[in-house]
2 protein chains.
Amino acid sequence: MVISMNYSKQREIIFDTLQENVVHPTAEYLYTKIKEKDPKISLATLYRNLNQLAENGIIKKIDGLENSSHFDHNTHEHYHFICKKCKRVFDIDADVAPELIRKTEELTDFVIENHDIVFSGICKDCRQTGSN
Amino acid sequence: MVISMNYSKQREIIFDTLQENVVHPTAEYLYTKIKEKDPKISLATLYRNLNQLAENGIIKKIDGLENSSHFDHNTHEHYHFICKKCKRVFDIDADVAPELIRKTEELTDFVIENHDIVFSGICKDCRQTGSN
DNA sequence: TATTAAAATGAGAATTATTATCAATTATGG
DNA sequence: CCATAATTGATAATAATTCTCATTTTAATA
């Protein structure tokens, strides 16, 4: 359900800060960045807004990566790769599995509304830096 | 890394109980079941063993479903569907995306070691029971 | 079989991530 | 400007999971 939202300075900062981060930050990381702009902002405000923005489809919440949720300014259909070594999260184009939903619905009796793919392994940088 | 394991009665009970559950239980749910067999077992022992078994590939840990981890006795390659209404977790055959790894590695510079797909939507039962 | 080192346990404290509470502040539409 | 709903900050509360540590159990071997 879409939630009506009034303007707030804090939400604007939160959204902007997420845009600036190509990585897929956790709430914790975002909090450190956001406090540089608004030192008085509350952690509760951050969580409240991230959830709200995600529920309205303005940002994306990524679960299944380590312990905590990550947030993504990119709402286009795409998947994620997490490097086991450096823990960075990378985007993977959705066209790696074009027929996925159709095939899955065909094979099951489910109505699929969402899906997420999380790959993990070693990224190029870490592979080259050796010592694995 | 594979961890050396000595036998323990508790681990046996934990493993057996997971086998008996076709669903994909959380630690919390397993704990209630396991206490029926060994009322003195500690929650820490349960978590310790679930993690150990998962690290050794004997069971599978599923993240990205709601707040807590689920555990799966089925270690064959397969995916999961969670019903948004009844919250049950279902298995999806891996053949919905046969070329996924190869294509993804081809498109990226990553070495992919693992991947998970989580679908969500409405299951057959809930769709028929209406009222969505 | 007695010895011993490594592994495992139970109980509960501690930690981490996140949500809830609530009084005070701010935004919005008339 | 006023009324109402939305939002905030501070902090308490919760939920899931991990850590600590003294005690017990396992497994290998002398």
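Scroll up to find the structure this text is about.
Rules and cut-offs
- Residues numbered from 1 in each chain as written.
- Chains lettered and ligands numbered in written order.
- Predicted model: local features only at pLDDT ≥ 70, side-chain atom pairs only at ≥ 80, totals over all residues.
- Heavy atoms only, no water.
- 1 Å grid on protein atoms, 1.4 Å probe; cavity = no way out; pocket = protein on both sides within 12 Å on 5 of 7 lines; lining within 4 Å.
- Points joined across faces, edges and corners; volume = space filled by probe spheres on them.
- Nonpolar A, V, L, I, M, F, W, Y, C, P; charged D, E, K, R; others polar.
- Near = heavy atom within 4 Å.
- Polar contact = N/O pair within 3.5 Å; in protein donor to acceptor, adjacent residues only side chain to side chain.
- Helix = DSSP H or I, 4+ residues; strand = E, 2+ residues; numbered from the N terminus.
- Contact = heavy atoms within 4.5 Å.
- Buried area = accessible area lost by both parts, 1.4 Å probe.
- Salt bridge = Lys/Arg side-chain N within 4 Å of Asp/Glu carboxyl O.
- Pairing = 2+ DSSP bridges.
- Axes fitted to C-alpha atoms, helices over the stretch in contact; angles between N-to-C directions.

Draft legend 1. Geometry of the layout of surface pockets. Of the pockets and cavities examined, the second largest pocket occupies roughly 200 Å³. Lining the second largest pocket are 14 residues, and of these Glu66(A), Asn67(A), Asp63(B), Gly64(B) and Asn67(B) lie nearest its centre. A per-class count over the lining of the second largest pocket returns 2 nonpolar, 8 polar and 4 charged.

Draft legend 2. Region of interest: the protein's contact with DNA strand D. Near DNA strand D lie 22 residues; those nearest to it are Asn6(A), Ser8(A), Arg11(A), Thr45(A) and Tyr47(B). Taken together, the sugar and phosphate atoms account for 76% of what DNA strand D places within 4 Å of the protein. With respect to DNA strand D, the side chain of Arg11(A) contributes an N or O atom lying 2.5 Å from a phosphate oxygen. Between DNA strand D and Gln52(A) there is a distance of 3.2 Å, counted from a phosphate oxygen to a side-chain nitrogen or oxygen. Mapped onto the surface near DNA strand D, the elements with two or more residues apiece are helix H1 (9–20) and helix H3 (43–55) of chain A together with helix H3 (43–55) of chain B.

Draft legend 3. Representation of the interface of chain A and chain B. Between chain A and chain B, the residue contacts involve 33 residues of the former and 33 residues of the latter. Here chain A packs against chain B, burying approximately 2,800 Å² in sum over the two surfaces, 62% of which is carbon and sulfur. A per-residue breakdown of the area chain A buries against chain B is headed by Val96(A), Phe110(A) and Phe119(A), which together make up 19% of the total. Linking chain A to chain B there are 4 salt bridges. Glu113(A) is the salt-bridge partner of Lys84(B), the closest N and O atoms lying 3.0 Å from each other.

Draft legend 4. Seen up close, the sheet that holds strand S3 (residues 78–83) of chain A. With mixed pairing, 6 strands are arranged side by side in an open sheet as S4(A)-S3(A)-S5(A)-S5(B)-S3(B)-S4(B). Unpaired on one side and paired on the other, strand S4 (89–93) of chain A together with strand S4 (89–93) of chain B mark the two borders of the sheet. On average, each strand axis in the sheet is inclined to that of its neighbour by 30°, with strand direction left out of account. The pairing of S3(A) with S4(A) spans 5 bridges and is antiparallel. In the sheet register, His78(A) faces S4(A), and the bridge partner there is Asp93(A). In this fold helix H4 (residues 100–107) of chain A packs onto S3 and strand S5 (111–122) of chain A together with S4 and strand S5 (111–122) of chain B, with an angle of close to 120° to the strand it touches most, S5(A). Along the sheet, helix H4 (residues 100–107) of chain B contacts S4 and S5 of chain A together with strand S3 (78–83) and S5 of chain B; its crossing angle with S5(B), the most-contacted strand, is approximately 120°.

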